[in-house]
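Tertiary structure, described
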Amino acid sequence: MDLEIMGKAAQQAAFELATAATKQKNQALAIIADELEANSNAILAANAKDIEAAREAGMSDALVDRLLLNTDRLAGIAGDVRNVISLDDPVGAELDSRVLENGMRLSRRRVPLGVVGVIYEARPNVTIDIAALCLKTGNASILRGGRETFHSNMELVKVIQVALEKAGLPAASVQYIEKPDRELVSQLLKLDQFVDMIIPRGGAGLHKMCKENSTIPVIIGGFGISHVFVDKTADLARALDVVENSKVQRPSACNALDTLLVSEDIAEAFLPRLAERMNHKKVALVADEASFALLEGKASELRKVADGDFDTEWLSFTLGVKVVKDVDEAIAHMRKHNASHSDAILTNDINAAERFVNAAGSAAVYVNASTRFTDGAQFGLGAEVAVSTQKLHARGPMGLEELTSYKWVGVADYLVRS
């Protein structure tokens, strides 16, 4: 596989996509959604091979769930593609405009990034999300999924490329690196002649590798320890509902709750009720000394915290628990333990809420809401290409606008500079 040839083809496709009409791009997306439904049997059969291999390899149930496609999930993916059709096309939109003293009308106009390289693990739906958002914004994409979803991704990319050709767009608008060799990833990260941005979706190791080895700008995101702080003024019954949803609604997601921080003023009343709720959901608790004393004999699965536990993105039915003095101690803990993704405070004190929102360094911060809302579809973005946790260009779920840049456009009447 020659990545330079892929890069050249992607660059040419990006040139054509940049000037494609919104109507044509939407037509391609509609055909992709239709083809997903028409080819559901082939896609699910391919996914079944990946699921079988994952189980044979001893993957946890939570990780297997990340790989799984079924009829409902495939219908949801097709629905997400159709949602992208309904969103405004940001390409060509003016960010601002003004007339200078010399008579020139100066504006900033949104343009595609060009070629986006995305390296991701698990979750075959990511293949469709990336393709749909990149197409809508006039970007070509080069994808490299994990070996654990190889068969699923190959079938999905085949569907996408058939749809592109039916819509009169180049099939090279969406390309897939078929070999899982790590050497090819290293080559992609050096393909700066053709690729304009790298977006890794996966664990901390993948982000670190891309950041250290890429000669292309990298959007860092996806990884981060998610926290919920239960303040002393919180409605404890309703707080339990939010904690449960944050943890178990889909524990394999990157915005699922990892560490629960509880005010010492309500810990004695709250933690036994937490244990009862988590017992029903078969969630194992990893507790600091103060919370362990209150949970012992009440939590069915409980152990004391070990080094590194509060830095662990669990992605499973495990929850870290710590008692803290107040919102400031909660923030201090979060700053120490990589709170960069999704974090929430449960409180009835507006001052505590504002303190938390202003001090948390997270890409998404919630007051009295589950961390599970950090999602492109939930935010009304249609879907997302990644969740960025860096502080430049894009933060949080990256939808259509985050896949664009801008150019300055000056219009005058044969103006010359004096």
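So, how was this worked out
- As a convention, each chain's residues are numbered from 1 in the sequence order in which they are written.
- Selection of residues for local features in this predicted model requires a pLDDT of at least 70, selection of side-chain atom pairs for listing and counting requires 80 or more, and totals for whole chains, interfaces and linings are taken over all residues.
- By convention in this description, side-chain values take in all heavy atoms of the structure and omit both hydrogens and water.
- For the purposes of this section, nonpolar cores are sets of buried Ala, Val, Leu, Ile, Met, Phe, Trp, Tyr and Cys residues that join through side-chain atoms within 4.5 Å.
- Three exposure classes are used, based on accessible area relative to the maximum for each residue type with a 1.4 Å probe and protein chains only: buried under 20%, partly exposed in between, and exposed over 50%.
- For the purposes of this entry, the term helix denotes a DSSP run of H or I that reaches at least four residues, the term strand denotes a run of E that reaches at least two, and both are numbered from the N terminus.
- Contacts are assigned to residue pairs with any non-hydrogen atoms lying within 4.5 Å of each other.
- Segmentation of the chain into domains, including their bounds, is taken from an automatic or database domain assignment.
- By convention in these notes, a salt bridge is any Lys or Arg side-chain nitrogen within 4 Å of a carboxyl oxygen on Asp or Glu.
- In the analysis that follows, any N or O atom pair within 3.5 Å is treated as a polar contact, provided that within protein one partner can donate a hydrogen and the other can accept it, and provided that, for residues neighboring in sequence, both atoms belong to side chains.

**Overview of the nonpolar core**
Leu-36, Leu-188, Ile-199 and Val-385 are the most contacted members of the largest nonpolar core, which totals 73 residues. In terms of residue count, helix α6 (residues 125-136) provides more of this core than any other element does, eight residues in total. Setting aside chain neighbours within four positions, we find Val-385 in contact with Val-118, Ile-130, Leu-133, Ile-199, Arg-201, Met-398 and Leu-403. Residues Val-228, Leu-236, Val-262 and Val-283 belong to the second largest nonpolar core, which totals 33 residues.

**Looking at the domain arrangement of the protein chain**
Per the domain assignment, the segments making up the protein chain are domain 1 (3-220 + 394-411) and domain 2 (227-378). Just the C-alpha atoms count here: the centres of domain 1 and domain 2 sit 33 Å apart. Taken together, the contact between domain 1 and domain 2 spans nine residues of the former and 13 residues of the latter. In this assembly, domain 1 and domain 2 are joined by one salt bridge. The residue Arg-250 makes a salt bridge to Asp-65 at a minimum N-O spacing of 3.5 Å. Our count for the domain 1 to domain 2 interface comes out at three residue pairs in polar contact (both at pLDDT 80 or more). Mapped onto the side of domain 1 that touches domain 2, the elements with two or more residues apiece are α4 (61-67), α5 (71-86) and β15 (396-397). Here the side of domain 1 that touches domain 2 gets three residues from one element, more than from any other, and that element is α4.

**With respect to the environment of Phe-223**
Along the chain, Phe-223 falls in the loop between α9 (204-213) and β7 (227-230). C-alpha of Phe-223 to C-alpha of Ala-344: the two residues are 121 residues apart in sequence and 16 Å apart in space. Those residues in contact with Phe-223, other than ones at most four positions away along the chain, are Gly-202, Gly-203, Ala-204, His-207, Asp-311, Glu-313, Asn-338, Ser-340, His-341 and Thr-389.

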